[in-house]
Protein chains: 2
Amino acid sequence: MVEFKIDSVTRNTLSRQVLEKFIQLLMEGDLQPGDKLPPEMDLMHMFDVSRPVLREALSSLETLEIVKRRPRGGTYINEKIGSSPFRAMLALSINNVPAVIEARMTLELGLVTLAAEKISEDQIARLEETIVAIANTVDDDYGALDREFHRIIAESANNPVVSGMIDSLLITHQKTDSLITFREPDITVRHHSAIVKALKGRDPVEAFKEMYNHLQYVREKILANQKGV
Amino acid sequence: MVEFKIDSVTRNTLSRQVLEKFIQLLMEGDLQPGDKLPPEMDLMHMFDVSRPVLREALSSLETLEIVKRRPRGGTYINEKIGSSPFRAMLALSINNVPAVIEARMTLELGLVTLAAEKISEDQIARLEETIVAIANTVDDDYGALDREFHRIIAESANNPVVSGMIDSLLITHQKTDSLITFREPDITVRHHSAIVKALKGRDPVEAFKEMYNHLQYVREKILANQKGV
DNA sequence: TATTTATAATTGTATGACAAAATGAAATTT
DNA sequence: AAATTTCATTTTGTCATACAATTATAAATA
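Small disclaimer: the values here were computed from a predicted structure and weren't measured.

Caption draft 1: Quick peek at the UniProt feature "domain: HTH gntR-type" (unreviewed entry) in chain A. Per the UniProt record, "domain: HTH gntR-type" (unreviewed entry) is annotated on residues 12-80 of chain A. The span residues 12-80 of chain A is 51% helix and 14% strand, and its two end C-alpha atoms sit 28 Å from each other.

Below, the structure is given as C-alpha cells:
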C-alpha cells in the first residue's frame, strides 16, 4: 500500500498564503520598493482573513526585512535587502564551525574577485591603514582590525544582495576567532598586503589567489584547534 | 536643538523581543536543532505575552525556516538552514539585474573553489552528462541543463549554509536567462568542459579561473541586452 | 497482535476590544 | 502672521476568549 503524508514542504496556513501572495506581488513588480501598503483593516478585507492571520504574515515580512512598519505610520516596502534575516538563519548552524568557515570562504572568495573590479582608491587606503595598525599592535589583539579588513573588501564589492550576508558571517568570524589560541601577526600582515597589492592592480584572479591562500591558512588554524575540542 | 527620532533599527515590539530571545537561545546553544518547543500555551506564560504575539514570533521563526510547526504535533527546531527565506529576500532586488548577477557570481566563484576540494567522481560524471546533453540539443533550449550544471557544482561544495542560497539565485538565473536573445551552445560547452577539467584535477585556482571566465561571458551577454531595455 | 475507534491536546483561525503612538488639523499663544 | 501647543483621529500594537481543525495517543475492538 502506498503511504501518503505530504503536507510538509510548506503547510498552507492562511498566513503563509498571504505571505506568499505578497512575495509574488513583489516578484511580478506589482509591489515596488518604497510602496506604502494599505492599512491592516483594508488588507484583511482584501485577503479576507482575520487580523491576527494578516499580522502573522506582515510580521514575517518584517522579519525578512521586506517591509517596515511604524505605529500609525503604516507599512512600507523596504528599498534594500537586509542582513539580519541571514543572521537569524545562521543561528541554526552556529555550532557547525567547519560549515560556517567554509561559507565565509565562499563569500569572501567571490567578493574579493568583484572587489578587484570595483574597489575605489579610498577603500584601498583604508585597507592599508588596517594593515599598518595590525603591524603595530603589541598585544596581538587585532581581531577587530582583521574583521575590518575583510569588511572593507566586502563593501568594495558593492553588492546589495551579498553585502548583508557578510556582516552576519563576520559576527561568526568573531566567534570562531575565539578558537584561535595564538596569533601570528606577521603572517596576517603578509597575506593582507598581498591581497591589497592584487586589488591595487585590479587583478581579480590574483586577488582571488591571495585571498584563497590566506583563508586556507585561517581555516586550518581554526580547525586545528577545533579538533581538540 | 538636537533632534531625536530613533525608534528604528528594530522597533521593539513584543513579538520582536520574543523572536530575538529565541535566536539568542539558539546562539548560546540552549536550544538545539531537533529540540521540541513547549506548546504555545506554556510559551505564552513563559514569555508573559498573549498568544497572538507569541504566534507572530513563531510565525517569523517558521518563515526563517528556523522552526517547523505541525498541528497538534508541536514546534521543532529545524536541523538545516533553509533556502526560501533567501528567496523571499531576493524578491526585493529582483529587478536589479546587475546586482543579482553579481551576487550569483560571488557565490558561484566561491562554490566552485570549494567544489574543487571536495567534488566526488559521481558528481563529476553528472556534470559531464549535462555537457553532452547541451552539445546534443538542437533547439538551443538548454537553459535547464545549464542551471543543472551550476547546481551540481554548488551541491559539490557541500555546504549547508550556502547551498540554500544558490537555489534561490538559480531561480533568478532562470529569470535573467530570459534576457538572453540568442544562445551559443558551443561556447557554453567549451567553458563548462574547461571547468570540469579543472575540477577533475582538483585544482581550486584553475577551477576558479575557468568559472570566472565563464561567468564574465554570461554577465556581459545578459547585461548587453539589459542596456537596450 | 493488529486494527479501528474515540479522546484529548495542540495548532489554526476569528472576533472584539482597548492601549499606545503619532500624524495632521485646530486652537492658542507669542 | 508665525510659531507653538493641544486635541482628535487614524493606525499599529496588544490582549482575552472562543471555537475549528488536525492528529498523536490511548482505549477499545476484532
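Caption draft 2: Quick look at the relation of the copies chain A and chain B. Mapping chain A onto chain B calls for a rotation angle of 180° and an axial translation of 0.0 Å; the resulting RMSD is 0.1 Å. Within this description, the copies of the chain are treated as partners about a two-fold rotation axis. A symmetric contact is evident, with 100% of the interface residues of chain A recurring at the interface of chain B.

Caption draft 3: Molecular detail of the environment of Ile-187 of chain B. All names here are of chain B. Inspection of the secondary structure assignment puts Ile-187 in helix α9 (residues 185-200). Judged by its relative accessible area of 16%, Ile-187 is buried. For the pair Ile-187 and His-214, spaced 27 residues apart in sequence, the C-alpha separation works out to 9.0 Å.

Caption draft 4: Local environment of the protein's contact with DNA strand D. As a matter of local geometry, DNA strand D sits amid 21 residues, with Glu-40, Arg-51 and Arg-72 of chain A together with Arg-11 and Leu-14 of chain B nearest to it. Taking the atoms of DNA strand D that fall within 4 Å of the protein, sugar and phosphate contribute 68% of them. Between DNA strand D and Arg-55 of chain A, the relevant distance is 3.1 Å, taken from a phosphate oxygen to a side-chain nitrogen or oxygen of the residue. Arg-72 of chain A places a polar side-chain atom, nitrogen or oxygen, 3.0 Å from a base oxygen of DNA strand D. Elements with a minimum of two residues in the surface near DNA strand D: α3 (51-63) and β2 (67-70) of chain A together with α3 (51-63) of chain B. With 3 residues, the single largest contributor to the surface near DNA strand D is α3 of chain B. Considered class by class, the residues forming the surface near DNA strand D number 7 nonpolar, 3 polar and 11 charged.

Caption draft 5: Spotlight on the pattern of salt bridges. Following the criterion strictly, the structure yields 32 salt bridges over all chains and no others. A salt bridge links Glu-62 of chain A to Arg-69 of chain A; its shortest N-O distance comes to 3.4 Å. For the pair shown, Glu-62 of chain A and Arg-69 of chain A are each scored as buried. Among the ionic pairs, Lys-118 of chain A bridges to Glu-102 of chain B, the shortest N-O distance being 2.8 Å. Remark: Glu-102 of chain B occurs in helix α5 (residues 97-118) and Lys-118 of chain A occurs in helix α5 (residues 97-118); the pair is interchain, linking two chains.

Caption draft 6: Molecular detail of a positive patch on the surface. All names here are of chain A. Positive charge collects at one region of the surface, where Lys-36, Lys-68, Arg-70 and Arg-72 lie side by side. Within the element layout of this structure, Lys-36 appears in strand β1 (residues 36-37). Classification of Lys-36 by relative accessible area gives exposed; the value is 51%.

Caption draft 7: The protein's contact with DNA strand C, seen in detail. The environment of DNA strand C is formed by 20 residues, the closest being Arg-11 and Leu-14 of chain A together with Glu-40, Arg-51 and Arg-55 of chain B. Within 4 Å of the protein, the atoms of DNA strand C are drawn from sugar and phosphate moieties in a proportion of 66%. One nitrogen or oxygen atom from the side chain of Arg-55 of chain B is found 3.0 Å from a phosphate oxygen belonging to DNA strand C. Top element by residues in the surface near DNA strand C is α3 of chain A. It accounts for 3 residues. Considered class by class, the residues forming the surface near DNA strand C number 7 nonpolar, 3 polar and 10 charged.

Caption draft 8: Here's a closer look at the sheet that holds strand β2 (residues 67-70) of chain B. Residues and elements named next belong to chain B. Across the sheet, 3 strands lie side by side as β1-β3-β2; this open sheet has antiparallel pairing. Two strands bound the open sheet, and with one partner strand each, they are β1 (36-37) and β2. Relative to strand β3 (residues 74-77), β2 is paired through 4 bridges, and the arrangement is antiparallel. Note that in β3 the partner of Lys-68 across the bridge is Tyr-76.

Basis of the calculations
Residues numbered from 1 in each chain as written. Chains lettered and ligands numbered in written order. Predicted model: local features only at pLDDT ≥ 70, side-chain atom pairs only at ≥ 80, totals over all residues. Heavy atoms only, no water. UniProt positions renumbered as here; feature names shortened; annotations may be inferred. Helix = DSSP H or I, 4+ residues; strand = E, 2+ residues; numbered from the N terminus. Least-squares fit on C-alpha atoms with pLDDT ≥ 70 in both. Contact = heavy atoms within 4.5 Å. Buried < 20%, exposed > 50% of the residue type's maximum accessible area, 1.4 Å probe, protein only. Near = heavy atom within 4 Å. Polar contact = N/O pair within 3.5 Å; in protein donor to acceptor, adjacent residues only side chain to side chain. Nonpolar A, V, L, I, M, F, W, Y, C, P; charged D, E, K, R; others polar. Salt bridge = Lys/Arg side-chain N within 4 Å of Asp/Glu carboxyl O. Patch = residues over 30% accessible without salt bridge, like charges linked within 9 Å, V, L, I, M, F, W, Y side chains within 5 Å. Areas by Shrake-Rupley, 256 points an atom, 1.4 Å probe, with all protein chains shown as cover. Lys, Arg positive; Asp, Glu negative; His and termini not counted. Charge placed at Lys NZ, Arg CZ, Asp CG, Glu CD. Pairing = 2+ DSSP bridges.

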